[in-house]
Each structure stands twice: as C-alpha cells, then as structure tokens.
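# Descriptive structure summary
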Amino acid sequence: MYLIVVGAESEGRRFIDMAVDQGHTVVLIEADEERARQVLEKNNIRVLQGDIADSSILQEASVEQADAVIAATHDDSKNLMAMVLAQEFEVETRISLVNQPSHSQMFERLGVKSVRDPAKIIAGYLYDYIS
Amino acid sequence: MTISRRISKDGHLATIVRDIGSFLLIPAGMIVVSLPVCVISRDWSVLAAFVITLLGVLVVSGLCRYWGRRAQTGTAAQTLISVALSWGLLAVVGGLPLWLTAVLIGPQASPTLKAFSDISNALFEGMSGFTSAGLTMSLRPSQLPASLQWWRSLMQWTGGVGVIAFAIALLDPTHNHHALFKAEGRQDQIRLTVSATVKRIWIIYSGYTAVGILLFRLLGMSWWEAINHSMSAISTGGFSITDSSMGAYDMPVQLAVMVMMVAGAVAFSRHDIIIRQRDPLALWRDQQHRLLLVLLLVGSGLVGLEHYAAHQRFDWLGSSFQWVSALSTCGFSSQPLQFWSDGNKLLLSLAMVVGGAAGSTVGGLKLNRLLVLIKTVVWRLQGNVLSPHERMSRRLDGSLLQPQQALQQVESATSLAVLWMAVLFAGIWCLAAVVPTEYTLTDVIFETASALGAAGLSTGIAAPSLFWVGKYLLMLLMWMGRLEIVPVLLLFNLLSEYLLLPGRLTGRLARRHGRL
C-alpha cells in the first residue's frame, strides 16, 4: 500500500518501521529536521521536510495515489488539518492520533478512524497487570 | 652553515631519518630469509650479492637510527614523507642483489641476467617488485637463478600488503601507528588497534598464500612454480617465473589464478568478515565489493565482445583472464597483448587505473573512490529532480551521510581522481616522447596506466631496450601510484623548499606541523 505518514514522533516512527518492514511504500511529512534525519537513518523512504500547513505539501507527497493518510503528530490541530485535507483529496482510509480526549468528536465528525488518548490506553494496560 | 649541519639541527628531519632507518630493517630481514634459498639452490654468486646488500643496508640503517636517536614521534606530514622516501629506498635495496649478481657473474651470465648489469634495469625491477606492479626487465624469467626468482616474488609478496604494515607488526611502538597505516593507503581497521589489525591482516594474507600454493600444486604446477606464483598472485604483483607468464598453463590453472587474483583484490576487512561468518555471500553485501563483482563480469563480457569484433572469434577465457588481471592490478597475462585491438587496450587501461577494492593489495584509484564518484553524479542528478520539501538523503553503503560527511567523501574522492588524471596525462605525454616509433599512442596509454595502477600488464614497452628516461619515468609512476600520489607530492614540496628557500625550512616545517 501507499501510505502518507504525518509526524515522526515515537508513534509515527514505530509505525513507519512496521510499515516498511511489511513492504509498504511510505512517505513521511515531518517539520523537524532532527526527527526527519532519524527516520532517514533507519529507513530508506521519501521524506518531505515541512509542515502539513505548507501549501500543497500533500500534492507533493502524491496524495492522489495514497491508500491511507496517517496523522501521528502530538499536535491535534495538525492532525485535524491533515485529516481535513485527506478528505478533500478523497483518500479512502484516514487514521489519526487524538491526543486530547475532548477533541475526539471533531475527528469523529470527519469520519476518521482515531486512536483516542494514547496515554489512557497505556495506563489501561499498566492497570491490567495489577488486577 | 653547511646543509648537513642545518639538517642535523632540525629535529623534524631527525624523525624522518630515524623512521627510514627502522623501515630498512624490513628488507634486511627479507634478505636474511632468502639466504637459505641461495644455499639450497647453490647460487653462490647470489649469496654473495645478498650478503653485500645486507651489510650495506644494515650500515645505512644503523647510521640513520643513530642520527635520529633523539627524535620525537613524527607528525602526519613527516610520516607521509618518510614513507615516501622509504619506498624509494626499497627500490634500491630490491635492485641491488640483481645488479650485484649480474656484475659478479659477469660475461657467463644468461642474457636475461646480463640485462641487470645495467643498474637502471635492476632499480626498475626493485621498484616494480616492491610496489607489486609487475612490469619487468626480465625477458625470460625462467633463466634467472632460482634464488633471484624467489627474491622477485618475495619483494612483491611483502610490498603487496605494505612494507610499512610489516614494520608496524614488528617494530617498537614509538611510531605513530595510525599515520603510518594510512600513509600506505589503508583506511579501515578490522581490529581495535592498528597493530592488532596489522597482525590479523598478516594471518589472513599468509593463509591465502598457503591455500594458493596448494591449489596451484594440485592443478599441475611444480612446487617451486606454485610457491612463486601464489605469492605474486595474492599480492596482485604479477612477476612470474615462466617466460610466457600464465600462458604456460592450461585452463584449470588459469582459472585458479583468476580466483587468487580476485582474492587479492578483496579488502582484508571483507576477508575477515567472510572468514569469521563462514559466509562467502558477505562479499555481495558490501557496495564496494558488489561493484567489484559487477565490474569483473561486465568487463569480461565487454573485452570478450571487443576481442570477437577484432579477431572474429570468441576467446572468453583469454579475455576474462586479462580483464581480471587488469582490474585486480595483478598483471599476469595468458597471452601477448601487443597485438590486441586498441579498444581492448583502452578497456584494460581503464581497469588498471581503477583497480580493485580499497584495503586490499591492489593499486589504482580503488573502487571506494569510484563508488563515491558514481554516487556524486547520482546525488547531483537527484538534487535536480527533488520536489520542494523533499529531503535529500545521501547514502553510502546503506548508512545515511550528513551533508558535511558527504562533502568530505566527495572532496577526497574527486581530488584524488583529479590528481590521478593529471599524473596519468603527464605520464602519457612524457612516455610518448621516449618510446620507439613502432609503439602506438594506445600502447603508451596502456603502459602508463599499467605503471600508475601498479598493475604490470605490458605491451612490451617496459623492456631492457627502453631508453633510460622511460624506465625512470615508469618507476616514478609506480612509486606515485602505490602511495596514492599525495605522500610523493609532499616530499617534492619539501625538496623544492629546500632547494629554493633553504633558510626558512625549519619555520615552514614548524608551521606545517601546526596545520596538519
């Protein structure tokens, strides 16, 4: 599959490792130079260094061919923007990380598959171990 | 103030002199090892020649070490200069036994040996031996006394892996190991320390030589031929003890020789990995060696096709043998090259200039540089088609290079390539002026490339009949090529400063001291 990943914080980076391992084609959009470099060091993929808000950066990533857009930044406004743009380009699968639980409704209204409040998920796993 | 007093006052020169004195112990040791060979083969004149040379070397070495007894550890520039000078002296030490034998035997000597009574021929053989080039002044090596055949092979065997590398393994630890190691054109360490690396290299090297001897013996060479040819194949030297090089043998032996030449063109660090992991495919996982294998195959094909175009018949074995010999800068030939087509001579010249993998025994520009040069072009093209936000990723052997690192790699590879081209051109231009008219420009290009790449394939220009200027020119090219030019340039720079501005040398050296 052709995947566009927005954001290479720890979640995004793990996702890229897995996706590349499974043989998918991945393009990363990441504004931070250091994080972009870390990904490049590990995976031989196309990296666009820029913000999702930069004009036409998704076109640069050939969004019209994309099977999925995955927003994984720690900033919900960026994730939201990525999802809105992905919907405009009619990308079939749109997935996002939602950092603030209160934002989840906005994402739901867009018809996005979302992972809500990752910290809570981890807390849940931790709690499972004591019960 | 006389020049000698000025030199002795200069502590920097004392370091250089002391280093040279130490390096001279290596050829002295080589002579000692060769003495039993003289006794076994009853070559008493050669024995006398060896003993005279040995005494001379020991005296010079002793004087040098006495002179530099209070010297300090040298800087990188001084090390490069002493290495360059030592290699020049090695040619003398290598040639002396040949010359002395020829002089001692006198008129009864065979024509091949008699050629060495001309000192320039003997020096040529010494330089070609120690640089593991393989151009030779012996018209019929089979006529040489056995102990001189052995001496030629031993020079190549020691010179191929690096005399200085030998010195590091044996000599006292006051020397700047790392600088010495690099001065002979090696970069990669395969063990934690330089001396451990060198020891490991010698173990691998001796092991492969032993394997080669057994292999050649099994396939039909005599023991004596097998020993000599294994030594000059693994060192990618190319001296042989037959009159027609490898043309004297049939297909199985030639194939085995090709395998040994390729082994000589593979970096010791790779050999180390292959041996430790017991996995020959490790060769393919490294970009430099992948390039080597691809070039071996593609080049053999091209030479074969060109041979067909010129002679209307395929000769795959002959074509690939010369190509492997050229690319590994070994210099064995299985047929006379004089009447090969111009196209094939140029192809082989290119191979001899490029050479095999860095960190092996080959000469030439070496494949890691070629790889960076190819990458430079690719990066340049990629840079043009990059979309506005796309990050440029410059990879070498799978790992990402920072822009600064990439620049360094590109800079060192291109500057060496430029030097190489300049010296090659100058060499061709000068040699063309002195060769007999029956040789074409292609032959001159071929011979120059062969000398500079320390390869040793020849169209026949390098022979005792060559005008003496041509011989010294080829010696200069072999010397520069073996040391990858830079140390020789530093030496010339130092000499010119001495001649032009004698008084300021100390200050200059001190300043360079700071800069390098």
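Here is what the cut-offs are and how they apply
Residues numbered from 1 in each chain as written. Chains lettered and ligands numbered in written order. Predicted model: local features only at pLDDT ≥ 70, side-chain atom pairs only at ≥ 80, totals over all residues. Heavy atoms only, no water. Helix = DSSP H or I, 4+ residues; strand = E, 2+ residues; numbered from the N terminus. Contact = heavy atoms within 4.5 Å. Areas by Shrake-Rupley, 256 points an atom, 1.4 Å probe, with all protein chains shown as cover. Rg over C-alpha atoms; globule rule 2.2 N^0.38 Å. Buried < 20%, exposed > 50% of the residue type's maximum accessible area, 1.4 Å probe, protein only. Lys, Arg positive; Asp, Glu negative; His and termini not counted. Charge placed at Lys NZ, Arg CZ, Asp CG, Glu CD. Expected span 1.5 Å × (residues − 1). Bend = angle between axes of the 7 residues up to and from the residue. Polar contact = N/O pair within 3.5 Å; in protein donor to acceptor, adjacent residues only side chain to side chain. Axes fitted to C-alpha atoms, helices over the stretch in contact; angles between N-to-C directions. Nonpolar A, V, L, I, M, F, W, Y, C, P; charged D, E, K, R; others polar. Phe/Tyr/Trp six-rings, centres within 6.5 Å; stacked < 30°, edge-to-face > 60°.

What follows deals with the overall build of chain B. Check the secondary structure of chain B and you find 23 helices and two strands. In chain B, of all internal contacts separated by at least 6 residues, the share reaching a separation of at least 24 is 70%. Only carbon and sulfur atoms are counted for the fraction: they give 67% of the accessible area of chain B, which is about 21200 Å².

Right, let's get into the overall build of chain A. If you tally the helices and strands in chain A, you get six helices and six strands. In chain A, the order of α-helices and β-strands from amino to carboxyl end is β-α-β-α-β-α-β-α-β-α-β-α. A compact globule built from 131 residues should have a C-alpha radius of gyration of about 14 Å, and chain A, at 15 Å, falls within 12% of that. Seen through its principal axes, chain A has C-alpha atoms that stretch 50 × 35 × 25 Å. Taken over 131 residues, chain A has a buried fraction of 44%. For chain A, the proportion of contacts with a sequence separation of at least 24, taken over those separated by at least 6, is 46%. Carbon together with sulfur atoms contributes 50% to the accessible area of chain A, which is approximately 7200 Å² in total. For chain A, the centre of its 12 positive side-chain charges and the centre of its 22 negative side-chain charges are spaced 4 Å apart.

Right, let's talk about helix α3 (residues 25–41) of chain B for a bit. An α-helical segment advances 3.6 residues per turn. Residues three or four places apart therefore align on the same side. Residue and element names in this part refer to chain B. In a regular helix each residue adds 1.5 Å, so 17 residues correspond to 24 Å; α3 covers 25 Å between its end C-alpha atoms and thus fits that length. Along α3, the largest kink reaches about 25° and is centred on S34; proline P36 follows within four residues of it. Residues of α3 that are buried include every one of I26, P27, A28, M30, I31, S34, L35, V37 and C38, and no others.

Take the side chain of B:Q322 next. Residues and elements named next belong to chain B. Residue position: Q322 is located in helix α16 (residues 316–327). Take Q322: its relative accessible area is 0%, and that puts it in the buried class. Here the side chain of Q322 touches S334 through a polar contact of 2.7 Å, side chain to side chain. In contact with Q322, not counting residues within four places along its chain, are F332, S333, S334, Q335, L337, W340, L348 and L457.

In this section: the packing of helix α21 (residues 468–482) of chain B against helix α22 (residues 486–500) of chain B. A pair of packed helices is captured by two measures, namely the crossing angle of their axes and the spacing between those axes. Residue and element names in this part refer to chain B. For the pair α21 and α22, interaxial distance at closest approach is 7 Å and the crossing angle is 115°. Each of L476, W479 and M480 in α21 lies in contact with α22, whose residues at this interface are V488, L489, L491 and F492. Along the lines of polarity and charge, the residues of the contact of α21 with α22 split into seven nonpolar, no polar and no charged.

Time to look at the packing of aromatic side chains. All names here are of chain B. Applying the stated criterion to the full structure yields 10 aromatic pairs over all chains. Summarising the aromatic geometry, the rings of Y308 and F314 are spaced 4.2 Å apart at their centres and angled 15° between planes, so their arrangement reads as stacked. Using a relative accessible area of 42% as the deciding quantity, one classes F314 as partly exposed. When the ring of W479 is compared with that of F492, the centres are 6.3 Å apart and the planes differ by 70°; the resulting orientation is edge-to-face.

These figures come from the coordinates and say nothing about function on their own.
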